[in-house]
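# Commentary on secondary and tertiary structure
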Amino acid sequence: MPLLIVKFEGSVLQKVAINGGPITIGRGPDNSIAIDNLAISNHHAEIKSEQGRLVVEDLNSLNGTFVNNQRVKRSALKHGDVVLIGKHSIEIDELARSESPVNPHRPSGGGKATPRVDETFILDTEKRRQMMQEIAASGERSQIAPARVRVATLVRVKGQIDKAEYQLTGKLTVIGKSEMATIRLRGWFKPKMAAQINRRDDGYYLGRGDKVPTINGSPLGAPTLLSDGDLIEVCGVQLRFSIKE
Amino acid sequence: MNAKQIHLDVAACSDKGRVRPINEDSYRISLDRNLFVLSDGLGGAAKGEVASAMAVEAVVNSLRGNGAAGCAEKPASCSEFSDETNFLVHAIELANRHIHEHGMRDPGCRGMGSTIVAARICGSRLSLAHVGDSRAYLFRADTLQQLTSDHSLVAEQVRRGLMNHQQAAASELQSVLTRALGTEDSVSVDADEIELFPGDSLLLCSDGLTRMVPESEIAGIMAEAPAVRIAAERLVERANEHGGQDNITVVVIRLSNNKFRSWVAKFVPWYGANLV
């Protein structure tokens, strides 16, 4: 008997077996799966069995119904498919053996016999190539160059450091007196690591070290994403951050 | 800092979580080589726990001896990195072949695979190599920085600017990997090298931690825990409190910034040898 596994943010909320009639999903209390969330329409979608196979149908919902991240009006479902409604997902488990009614708030163990979508798996070569191409293609459509190369530099404004300009090529940049520091401070009583600049997927973040640097004159709190032109000051050294696409 | 007198505090903790019937994660710590290896067996496919155990074992074994001497073949030298890093990459490539061949021979293990993240500290230099979505983090001056880039579909989308971190964290496709160990006859291993500072901490973890516990909470635990053992236990506990949907394994390594202790350890080997 196929099972629908309703999840929100990774946790299982409910498991519903399909035995006969259609399963309706929506915000209204009259649905088989009622989800009280504003992103979901009163009567959002239904999942039913037609000639032995499962079909999901969107009931003209406002925010749409997605199967494996593709918006659909109506779509056949197979084992392992994920139907997304608002932020709730419904996994199709056709291999589930008939079980006693499931306690909706206690997720049961993912046994070996029933592979679950939330288990880590790797795509086979063909499917992976295809999905990577889709990602690359959608990148071009949305006018974002795939794998952007951005070079950040720090230019000395004032202070005692070993160079006038630094390219931030590494993932981690340290400003300090240590010989391992990228930007080496000179002078007595300077900390080995005064501040750090870390590269992440979305840009360069300034963080504290043994000292709290200032950014455009205000003391740094949590690590902060740097923008082109920001002025960093630590231990009497001023550096201008610049980043070009 | 003298390269030889670096002192490490190390602790690890592994738990099957609250949902999975068995623990398919594996880890190995080799204190005499400052080598730390963690692997997460792929679920769904057969025998994830066999694959992850083989992965950590194979990497530790290839680096046995003096690191270099234990390797049967010298790796193709990659000028960008030090020998230690190249050996680590090579050890993972060998582990991949080993798991893949085992999977081909044993029908019960067909298609088995795992992730891997391996770290080795030589002097002040950290060598890192990984495949899959097990991560290495650096915790430096209260800032948590991910050092590895996940080989997963959603991470790829984030890197290409198609998704932000919030969307990635909510995605249903988080568990889809683009690279894994053992599933094919060869694998591309990512490597990195960084200079460590006294007081830095490292965290190696399986996705059972990072998918349950937000990075801000991980950073909080790393900052507050007075000892690595407590940090490791609290991280696993927190993942379980958040649902424990997957196996959770963490290895926490802290570089002592206590000069006296490092100095004593230099003369009294047992003092610094095993603080696990």
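Everything that follows concerns the structure shown earlier in this document.
Residues numbered from 1 in each chain as written. Chains lettered and ligands numbered in written order. Predicted model: local features only at pLDDT ≥ 70, side-chain atom pairs only at ≥ 80, totals over all residues. Heavy atoms only, no water.

In this section: the overall build of chain A. Per the secondary structure count, chain A includes one helix and 23 strands. Within chain A, the proportion of its 245 residues that are buried is 42%. Sequence-distant contacts in chain A: of pairs separated by 6 or more residues, those separated by 24 or more amount to 33%. Summed over all atoms, the accessible surface of chain A reaches about 13100 Å², with 50% contributed by carbon and sulfur. (Helix = DSSP H or I, 4+ residues; strand = E, 2+ residues; numbered from the N terminus. Buried < 20%, exposed > 50% of the residue type's maximum accessible area, 1.4 Å probe, protein only. Contact = heavy atoms within 4.5 Å. Areas by Shrake-Rupley, 256 points an atom, 1.4 Å probe, with all protein chains shown as cover.)

A few words now on the overall build of chain B. Each helix and strand counted, chain B has nine helices and 11 strands in total. Within chain B, the fraction of its 276 residues that count as buried is 57%. Counting only contacts in chain B whose residues sit at least 6 apart along the sequence, the fraction spanning at least 24 positions is 70%.

Below, the discussion takes up the packing of aromatic side chains. The relative placement of two aromatic rings is captured by the distance of their centres and the angle of their planes. Residue and element names in this part refer to chain A. Within the structure shown, the criterion is met by two aromatic pairs over all chains. Ring geometry for Trp 188 versus Phe 189: centroids 6.2 Å apart, planes at 50°, classification tilted. The two residues Trp 188 and Phe 189 agree in class, both being exposed. (Phe/Tyr/Trp six-rings, centres within 6.5 Å; stacked < 30°, edge-to-face > 60°.)

In this section: helix H6 (residues 215–224) of chain B. Residue and element names in this part refer to chain B. Buried within H6 we find Ile 218, Ala 219, Ile 221 and Met 222. Projection of H6 onto a plane perpendicular to its axis shows the buried side chains occupying an angular sector of 160°, all on one side. Turned more than 90 degrees off the buried face of H6, the exposed positions are Ser 216 and Glu 224. Along its buried surface, H6 packs onto strand E6 (135–140), strand E7 (143–146), strand E10 (201–205), helix H5 (207–210), helix H7 (228–241) and strand E11 (248–255). (Arc of directions from axis to C-beta.)

What follows is about the environment of Val 151 of chain A. Residue and element names in this part refer to chain A. Along the polypeptide, Val 151 turns up in strand E13 (residues 151–158). Under the relative-accessibility criterion, Val 151 is labelled partly exposed at 40%. Separated by 106 residues in the primary sequence, Val 151 and Ala 45 have C-alpha atoms spaced 48 Å apart. Excluding its chain neighbours within four sequence positions, the residues that come into contact with Val 151 are Gln 167, Ser 242, Ile 243 and Lys 244.

Turning next to the pattern of salt bridges. Summed over all chains, the structure comprises 20 salt bridges over all chains. Across the pair Lys 7 of chain A and Glu 91 of chain A runs a salt bridge whose closest N-O atoms are separated by 2.9 Å. You can see Lys 7 of chain A sitting in strand E1 (residues 3–8) and its partner Glu 91 of chain A sitting in strand E11 (residues 88–93), a full 84 residues away along the chain. In this structure, the salt-bridge partner of Asp 200 of chain B is Arg 140 of chain B, at a minimum N-O distance of 2.8 Å. With Asp 200 of chain B in the loop between strand E9 (190–195) and E10 and Arg 140 of chain B in strand E6, this pair connects stretches of sequence that are 60 residues apart. Taken together, the shared-partner salt bridges in this structure form one network comprising Glu 46, Lys 48, Glu 50, Glu 57 and Arg 74 of chain A. (Salt bridge = Lys/Arg side-chain N within 4 Å of Asp/Glu carboxyl O.)

Turning to the state of the cysteines, a few remarks are in order. One pass over the full model with this rule turns up zero disulfides over all chains. In this structure Cys 205 of chain B is not part of a disulfide, and its nearest cysteine sulfur, from Cys 13 of chain B, lies 13 Å away. (Disulfide = S-S within 2.5 Å.)

To continue, consider the sheet that holds strand E4 (residues 33–34) of chain A. Residue and element names in this part refer to chain A. Taken together, five strands build an open sheet; the order of strands is E4-E3-E5-E6-E9 and the sheet is mixed. Strands with a single pairing partner mark the edges of an open sheet, and in this sheet they are E4 and strand E9 (74–77). Of the pairings in the sheet, the one linking strand E3 (residues 23–26) to E4 comprises two bridges and is parallel in character. Looking across to E4, one finds that Ile 25 is bridged to Ile 33. (Pairing = 2+ DSSP bridges.)

A few words on the sheet that holds strand E16 (residues 183–184) of chain A. Residue and element names in this part refer to chain A. Here five strands make up an open sheet; going across it, the order is E16-E15-E17-E18-E21 and the pairing mixed. At either margin of the open sheet sits one strand with a lone partner, and together these are E16 and strand E21 (224–225). Across two bridges, strand E15 (residues 172–176) lies against E16 in parallel orientation. Residue pairing for E16: Ile 175 is matched across the bridge by Ile 183.

Another aspect to go through is the side chain of Ser 61 of chain A. Residue and element names in this part refer to chain A. Its location among the elements puts Ser 61 in the loop between strand E6 (53–58) and strand E7 (65–67). On the accessibility criterion, Ser 61 (9% relative accessible area) is buried. Here Ser 61 is in contact with Ser 41, His 44 and Arg 71, once residues within four sequence places are set aside.

The residue Asn 69 of chain A is not glycine, and still its phi comes out positive at about 70°. Tracing the sequence through the fold places Asn 69 of chain A in the loop between E7 and strand E8 (70–72). Even without glycine at this site, Asn 34 of chain B takes up a positive phi of about 50°. Looking at where Asn 34 of chain B falls in the secondary structure, it is placed in the loop between strand E2 (25–30) and strand E3 (35–40).

Residue and element names in this part refer to chain B. Bridging between E2 and E3 involves six bridges; their strand directions are antiparallel. Among the inter-strand pairings, Tyr 27 is bridged to a residue of E3, identified as Leu 38. Between the antiparallel neighbours E2 and E3 lie four residues, among them Asn 34 with a positive phi of about 50°.

Another aspect to go through is the packing of helix H1 (residues 48–62) of chain B against helix H2 (residues 83–105) of chain B. Residues and elements named next belong to chain B. Two numbers describe how H1 lies on H2: the axes approach to 9 Å, and their chain directions differ by 140°. Relative to H2, the element H1 lies oblique. Relative to H2, the crossing made by H1 is right-handed. On H2, the residues touching Ala 51, Met 54, Ala 55, Ala 58, Val 59 and Ser 62 of H1 are Ala 91, Ile 92, Leu 94, Ala 95, His 98, Ile 99 and His 102. Taken together, the residues of the contact of H1 with H2 break down into 10 nonpolar, three polar and no charged. (Axes fitted to C-alpha atoms, helices over the stretch in contact; angles between N-to-C directions. Parallel < 35°, antiparallel > 145°, perpendicular 65-115°, else oblique. Left-handed = near helix turned anticlockwise from the far one by under 90°. Nonpolar A, V, L, I, M, F, W, Y, C, P; charged D, E, K, R; others polar.)

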